[in-house]
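Structural description and commentary
Residue-level listing of the chains:
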Amino acid sequence: MTTAAAPIRTKPRRSWTPSQVVLTLLGTAVAVVIVSPLAWALFTSLKSETEAVEVPPHWLPEDWTGQAWSAMFETGNITNWFVNSLVVSVCVTTVVLLVSALAGYGFARTEFRGKAALMGVVMAGLMISPAVLGVPLFTTVQQMGMVDTYWGMILPQCAPAAMVYILYKFFQGVPRELEEAAFIDGAGRWRIFFTIILPLSRPSLAAVGIFTFISSWNNFLWPYMVTNNPDLMTMPNGIATVMNSYGIQWAQLMAGGIMAGLPLIIVFVFFQRQIVAGVAHTGLAGQ
């Protein structure tokens, strides 16, 4: 004897409220505005140079071609530039994470003479433009013999006042009871930092690391100032050099820009949750 299967009850779909419709349309408009320049660059890179400068311009190429992409690989050392950018960005990110975590934890959990003054110096770093420090930094790097070296590009980017502040605010929100319990069990300050604080700080550390990597990858001015060797150029500097040598080739310029921005697009796509969670955990979201 078989029993009839019970009918599956489905909940009726709720109609959209006016606020949901407005927010969806607003989000779509913002997305279109953000994606449009990227789409324009991609379509322009697939045009010929003659078609790229036509007036009036048009979105889609009439004759699809990858000439600009092949020309970028032929006239420029793309692979070398990519490796240089990757080495510099990874090293800068690693040093910044270590320095920011140690400094932020020190400010949040330890008391020492001159703490307020030193914190004021760190906060003052947020108000100084990096371009203002270009000349004194270059003079220092030159006197240390680090011009045209990886260290000359890496070390001056490792003074992260903003990142120290972000982790400082996060460490202030970590309950002190966790550390006090570890002290009672005989753990020292360093063991507490590496086994308790850092694991709890993964969202904020991920956000700091992603922001630092993106900033270092996009940095044009400092590598341009400290590097004259073509073999040490990063992606932004290398592409700019090609454009200066061969004139403004708009299709090639767009192809080079997409190649330089592709790693950052990948970072945003795969790590957007960590970025949002990191900002939410730092205590800065409501400020």
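Structure: see above.
Residues numbered from 1 in each chain as written. Predicted model: local features only at pLDDT ≥ 70, side-chain atom pairs only at ≥ 80, totals over all residues. Heavy atoms only, no water.

**Description of the pattern of salt bridges**
Rules: Should a side-chain nitrogen of Lys or Arg be within 4 Å of a carboxyl oxygen of Asp or Glu, the pair is scored as a salt bridge. The helix and strand labels rest on DSSP assignments: H or I over at least four residues marks a helix, E over at least two residues marks a strand, and numbering proceeds from the N terminus. Classification of residues uses two cut-offs on accessible area relative to the type maximum, computed with a 1.4 Å probe and protein chains only: under 20% is buried, over 50% is exposed, and between them is partly exposed.
Per the stated rule, a full pass over the model turns up three salt bridges. A salt bridge links Glu-179 to Arg-109; its shortest N-O distance comes to 2.3 Å. Here Glu-179, found in helix α9 (residues 176-184), pairs with Arg-109, found in helix α4 (residues 78-109); they are 70 residues apart in sequence, far enough to count as distant. Take Glu-179 and Arg-109: they sit in the same class, and that class is buried. Its salt-bridge partner being Lys-115, residue Glu-111 comes within 3.3 Å of it at the nearest N-O pair. Each member of the salt-bridge network shares a partner with another, and the members are Arg-109, Glu-179 and Arg-189.

**Topic: helix α3 (residues 67-75)**
The cut-off we apply is this: Of all possible arcs, the one meant is that of the directions from the helix axis to the C-beta atoms.
Of all the residues in α3, the buried ones are Ala-68, Ala-71 and Met-72. Axial view of α3: buried residues confined to an arc of 105 degrees, hence all on one face.

**Focus: the packing of α4 against helix α10 (residues 189-200)**
Counted only if it meets this: Only the stretch in contact is used when a helix axis is fitted, and all axes are lines through C-alpha atoms; the angle between N-to-C directions ranges over 0 to 180 degrees. Should an angle fall under 35 degrees it is taken as roughly parallel, and over 145 as roughly antiparallel, whereas 65 to 115 is taken as roughly perpendicular and any remaining angle as oblique. Here a residue-residue contact requires only that any non-hydrogen atoms of the pair lie within 4.5 Å. Note on residue categories: nonpolar means Ala, Val, Leu, Ile, Met, Phe, Trp, Tyr, Cys or Pro, charged means Asp, Glu, Lys or Arg, and polar means any other residue, Gly included.
For the pair α4 and α10, the least separation of the axes is 12 Å and the interaxial angle reads 110 degrees. Between α4 and α10, the angle falls in the class roughly perpendicular. Touching Ala-101, Leu-102, Tyr-105 and Arg-109 of α4 are Arg-189, Trp-190, Ile-192, Phe-193, Ile-197 and Leu-198, all from α10. Here the contact of α4 with α10 is built from residues that sort into eight nonpolar, no polar and two charged.

**Things to note about the packing of aromatic side chains**
Put simply, the rule is: Working definition: rings of Phe, Tyr and Trp (its six-membered ring) pair if their centres are within 6.5 Å, and the pair is stacked with planes under 30 degrees apart, edge-to-face with planes over 60 apart, and tilted otherwise. Charge-over-ring placement is defined geometrically: NZ (Lys) or CZ (Arg) within 6 Å of the ring centre, and within 35 degrees of the ring normal.
Summed over the entire model, instances satisfying the criterion amount to 13 aromatic pairs. Between the aromatic rings of Phe-43 and Trp-59, the centroid separation amounts to 6.5 Å while the plane-to-plane angle is 75 degrees, which identifies the pairing as edge-to-face. Linking Phe-43 in helix α1 (residues 18-45) with Trp-59 in the loop between α2 (49-52) and α3, this pair joins segments that are 16 residues apart in sequence. Look at Phe-43 and you get partly exposed, because its relative accessible area is 21%. In this structure Trp-59 comes out as partly exposed when scored by relative accessible area, which is 44%. Between Tyr-105 and Phe-171, the aromatic rings sit 5.8 Å apart at their centres with planes inclined by 90 degrees, giving edge-to-face as the arrangement. With Tyr-105 in helix α4 and Phe-171 in helix α8 (residues 161-172), the pair connects residues that are 66 residues apart, well separated along the chain. Residues Tyr-105 and Phe-171 agree in their burial class; the two are buried. Taken together, Tyr-105, Phe-170, Phe-171, Trp-190, Phe-193 and Phe-194 form an aromatic cluster joined through their ring pairs. Positioned above the aromatic ring of Trp-40, the side-chain terminus of Lys-47 is 4.9 Å from the ring centre.

**Some details on the nonpolar core**
The cut-off we apply is this: Residues enter a nonpolar core if they are buried and are Ala, Val, Leu, Ile, Met, Phe, Trp, Tyr or Cys, with the set joined through side-chain atoms within 4.5 Å.
Ranked by internal contacts, the top residues of the largest apolar core, which has 34 residues, are Phe-171 and Ile-197. Of all the secondary structure elements, the ones that give two or more residues to this core are α4, α5 (115-124), α7 (150-154), α8, α10, α11 (202-218) and α12 (221-226). It is α8 that contributes the most residues to this core, eight residues altogether. Those residues in contact with Ile-197 that lie beyond four places of it in its chain are Tyr-105, Phe-171, Val-174, Glu-179 and Ile-192. Among the nonpolar cores identified, the runner-up in size contains 20 residues, and Ile-78, Trp-217, Ile-239 and Leu-264 belong to it.

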